[in-house]
Amino acid sequence: MRVILLGPPGAGKGTQARMLSDLAGVPQVASGDLLRAAVQKKTPLGREVADILARGDLVGDETVVKLIEDRLDGPDAARGFILDGFPRSVPQAELLDGMLTRRGIRIDRALAVMVPDGEIVKRISGRRTCRNCQTMYNVALEPPRQPGVCEKCGGELYQREDDSEQTVQHRLDVYNASTKPLLEYYSRAGILSRIDGMGTPTDVEKRMVGALDGLVPKERGGSAR
Ligand code: AMP
């Protein structure tokens, strides 16, 4: 199963990618997580991109594509993957197409999670992320049982630097200018499904699984067609 998740920041791509990864047994490949890990470890790449991430701008196409290509060559991605946050522009999508064609594989489906802008600002300003396992919480909508502590792994919850209100607005502008044209790109390729991103994560997951039409089991432990 090779799937792309599209949608604005805060649409729930990360949460859904983790759920689908669990269900289908293929890894979530999140460009933002890979870049943040490089920043945290202060690798040469991390130093190069730290300010770009903090501003909410896009990292250069070549840099991100190289990072993704290395990740997709990992043995765990041989059976499939869920791309979360990549591609983010038409040039990245074209580079991805070339990369997959060279490997004799292709994307099965691109799922676009649709959420109105007003809802996004509300969701992201309350968002807290686990430093250890990247699970997300919302202090207003779904707070952790113990403030500041991840329920899954006990890791520390923090607010991403780029989740402040002004940066979120800028990230939305970047999404509208660079990433939204991908809806048209994958629609023309005949593999786009638009998913209503409102409601609980479980509601959205059901719609996703429906759109994947037999590519994943409907329940954990079930089997795909
Ligand atoms: P995300 O976690 O997907 O919201 O990504 C966080 C930040 O990482 C973005 O605001 C960008 O600065 C950078 N980033 C993530 N994915 C990409 C990508 N595919 N292309 C360029 N920059 C990216």
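Now for a look at the structure at hand.

The rules behind each value
Residues numbered from 1 in each chain as written. Predicted model: local features only at pLDDT ≥ 70, side-chain atom pairs only at ≥ 80, totals over all residues. Heavy atoms only, no water. Pairing = 2+ DSSP bridges. Helix = DSSP H or I, 4+ residues; strand = E, 2+ residues; numbered from the N terminus. Axes fitted to C-alpha atoms, helices over the stretch in contact; angles between N-to-C directions. Near = heavy atom within 4 Å. Polar contact = N/O pair within 3.5 Å; in protein donor to acceptor, adjacent residues only side chain to side chain. Areas by Shrake-Rupley, 256 points an atom, 1.4 Å probe, with all protein chains shown as cover. Nonpolar A, V, L, I, M, F, W, Y, C, P; charged D, E, K, R; others polar. Contact = heavy atoms within 4.5 Å. Buried < 20%, exposed > 50% of the residue type's maximum accessible area, 1.4 Å probe, protein only. Salt bridge = Lys/Arg side-chain N within 4 Å of Asp/Glu carboxyl O.

### Section: the sheet that holds strand E3 (residues 81-84)
Moving on, step 1. Pairing within the open sheet is parallel, and its 5 strands lie in the order E2-E3-E1-E4-E8. Looking along the sheet, the strands with just one partner apiece sit at the ends: strand E2 (28-30) and strand E8 (192-196). Each strand of the sheet is rotated relative to its neighbour by a mean of 25°, with strand direction disregarded.
Moving on, step 2. Relative to E3, strand E1 (residues 2-6) runs parallel, the two being bridged by 4 bridges. Each residue of the ladder has a partner; that of Ile4, found in E3, is Leu83.

### A closer look at the site of the ligand
Moving on, step 1. In the region of the ligand, 16 residues are neighbours, and Ser31, Arg36, Asp57, Arg88 and Gln92 sit closest.
Moving on, step 2. Contact between the ligand and Arg171: an oxygen atom at 3.3 Å from a side-chain N or O atom of the residue.
Moving on, step 3. Protein coverage of the free-state accessible area of the ligand, which is 480 Å², stands at 95%.
Moving on, step 4. By residue number, the principal contributor to the shell around the ligand is helix H2 (residues 31-41), which donates 4 residues.
Moving on, step 5. Of the residues assigned to the shell around the ligand, the class counts are 6 nonpolar, 4 polar and 6 charged.

### Let's talk about the sheet that holds strand E7 (residues 157-158)
Paired through their backbone hydrogen bonds, the strands of a sheet run either parallel or antiparallel.
Moving on, step 1. Judged by pairing direction, the sheet is antiparallel, and its 3 strands sit side by side in the order E6-E5-E7 without closing on themselves. At either end of the open sheet lies a strand with only one pairing partner, and these are strand E6 (136-138) and E7.
Moving on, step 2. In terms of strand pairing, strand E5 (residues 127-130) meets E6 through 3 bridges, oriented antiparallel. Following the sheet pairing, Arg128 is matched in E6 by Tyr137.
Moving on, step 3. In this fold helix H6 (residues 117-125) packs onto E5 and E6, with an angle of close to 50° to the strand it touches most, E5.

### Considering the pairing of E1
Moving on, step 1. In terms of burial, E1 is largely enclosed, as 5 of its 5 residues are buried.
Moving on, step 2. Of the two faces of E1, the one carrying Arg2, Ile4 and Leu6 and the one carrying Val3 and Leu5 are both buried.
Moving on, step 3. Bridge analysis of E1 against strand E4 (residues 109-114) gives 4 bridges, and the strand direction is parallel. Note that in E4 the partner of Ile4 across the bridge is Ala110.

### A few points about the pattern of salt bridges
Moving on, step 1. Summed over the entire model, instances satisfying the criterion amount to 17 salt bridges.
Moving on, step 2. The closest approach of N and O atoms between Lys122 and Glu119, which form a salt bridge, is 3.4 Å. Placement of both Lys122 and Glu119 in helix H6 is noted, with a separation of 3 residues, approximately one turn of the helix.
Moving on, step 3. In this structure Glu119 comes out as buried when scored by relative accessible area, which is 14%.
Moving on, step 4. Three or more residues are tied together by salt bridges with common partners; here these are Arg127, Arg160, Asp162, Asp163 and Arg171.

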